[in-house]
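Per-entry structural report
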Amino acid sequence: MPYQASCNCDTVKMSLTLPTPLGHYQPRACDCDFCTARNVAYLSDARSKLEVFSSSSIQVIQQGSEQALFAQCRHCADVLFVSYEFETGIKGAINANLLVDKNQLASVIAVSPKALSSTEKRERWLAMWMPLKVTP
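This one's a predicted model, so the numbers in the text were calculated from it and none came from an experiment.

Volume-wise, the largest pocket comes out at about 430 Å³. In terms of residues, the lining of the largest pocket owes the most to one element, helix α2 (residues 118–128), which gives four residues. Each residue belonging to the lining of the largest pocket can be placed in one class, and the counts come to 15 nonpolar, five polar and five charged. One number sums up the size of the second largest pocket: a volume of about 180 Å³. Along the walls of the second largest pocket sit 14 residues, with Leu 69, Ser 83, Tyr 84, Glu 85 and Ile 90 positioned nearest its centre. A per-element tally of the lining of the second largest pocket places strand β8 (residues 79–86) first, with four residues.

Here strand β1 (residues 2–6) pairs with strand β2 (residues 13–17) via five bridges, running antiparallel. Across the sheet, the residue bridging to Gln 4 is Ser 15, located in β2. The antiparallel hairpin formed by β1 and β2 contains six residues in its connecting segment, where Asp 10 sits at a positive phi of about 65°. The pairing of β2 with strand β5 (residues 49–53) spans five bridges and is classified as antiparallel. Looking at β5, one finds that Lys 13 is bridged to Phe 53.

Right, let's talk about the environment of Asp 101 for a bit. Structurally, the position occupied by Asp 101 is in the loop between β9 (89–95) and β10 (109–111). Note: C-alpha distance between Asp 101 and Thr 17 (84 residues apart in sequence) is 13 Å.

Glancing now at the packing of aromatic side chains. Enumeration over the complete set of coordinates arrives at four aromatic pairs. Ring geometry for Tyr 84 versus Trp 125: centroids 5.4 Å apart, planes at 45°, classification tilted. Residue Tyr 84 is located in strand β8, and its partner Trp 125 is located in helix α2; the two are separated by 41 residues in the primary sequence. The exposure class of Trp 125 is buried, given its relative accessible area of 11%. Ring geometry for Trp 125 versus Trp 129: centroids 4.8 Å apart, planes at 15°, classification stacked. In this structure, Trp 125 and Trp 129 share a single accessibility class: buried. Chaining the aromatic ring pairs together yields one cluster made of Tyr 84, Phe 86, Trp 125 and Trp 129.

As for its placement among the helices and strands, Leu 98 is situated in the loop between β9 and β10. With relative accessibility at 11%, the residue Leu 98 sits in the buried group. Each C-alpha atom of the pair Leu 98 and Asn 8 lies 7.6 Å from the other, and the pair is 90 residues apart in sequence. Among residues more than four places away in sequence, those in contact with Leu 98 are Gln 4, Ala 5, Ser 6, Cys 7, Met 14, Asp 78, Val 79 and Leu 80.

Reading the values: the criteria
- Residues numbered from 1 in each chain as written.
- Predicted model: local features only at pLDDT ≥ 70, side-chain atom pairs only at ≥ 80, totals over all residues.
- Heavy atoms only, no water.
- 1 Å grid on protein atoms, 1.4 Å probe; cavity = no way out; pocket = protein on both sides within 12 Å on 5 of 7 lines; lining within 4 Å.
- Points joined across faces, edges and corners; volume = space filled by probe spheres on them.
- Helix = DSSP H or I, 4+ residues; strand = E, 2+ residues; numbered from the N terminus.
- Nonpolar A, V, L, I, M, F, W, Y, C, P; charged D, E, K, R; others polar.
- Pairing = 2+ DSSP bridges.
- Phe/Tyr/Trp six-rings, centres within 6.5 Å; stacked < 30°, edge-to-face > 60°.
- Buried < 20%, exposed > 50% of the residue type's maximum accessible area, 1.4 Å probe, protein only.
- Contact = heavy atoms within 4.5 Å.

Pasting the structure below:
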């Protein structure tokens, strides 16, 4: 099922294709200072895909362990997604709060990735995150 998302200034648009309806998913709210300050909750499903449009409006930054890349809109500073480049390609998780139909999601759960080792983080991302494509 395709779902649409965009940053608050509507400069960056995203299309998320999920294998099951949105109501089956619980976004994960990271407890780090960066994500908490920005009210970010991530959504991913390894069986889904995320396509992001308007790459020229995306600023990439690193936080925490500096392994993953966080994408923000250059104009409104919304965190759009988080990603990591594996040998098999780029995978990521979308900021669920930017989905048009976010009200259909199940309740948010708190997670603490900072409690994981670098290897554990990469293994979790590889298992849970979705293929990510960024196009101009």
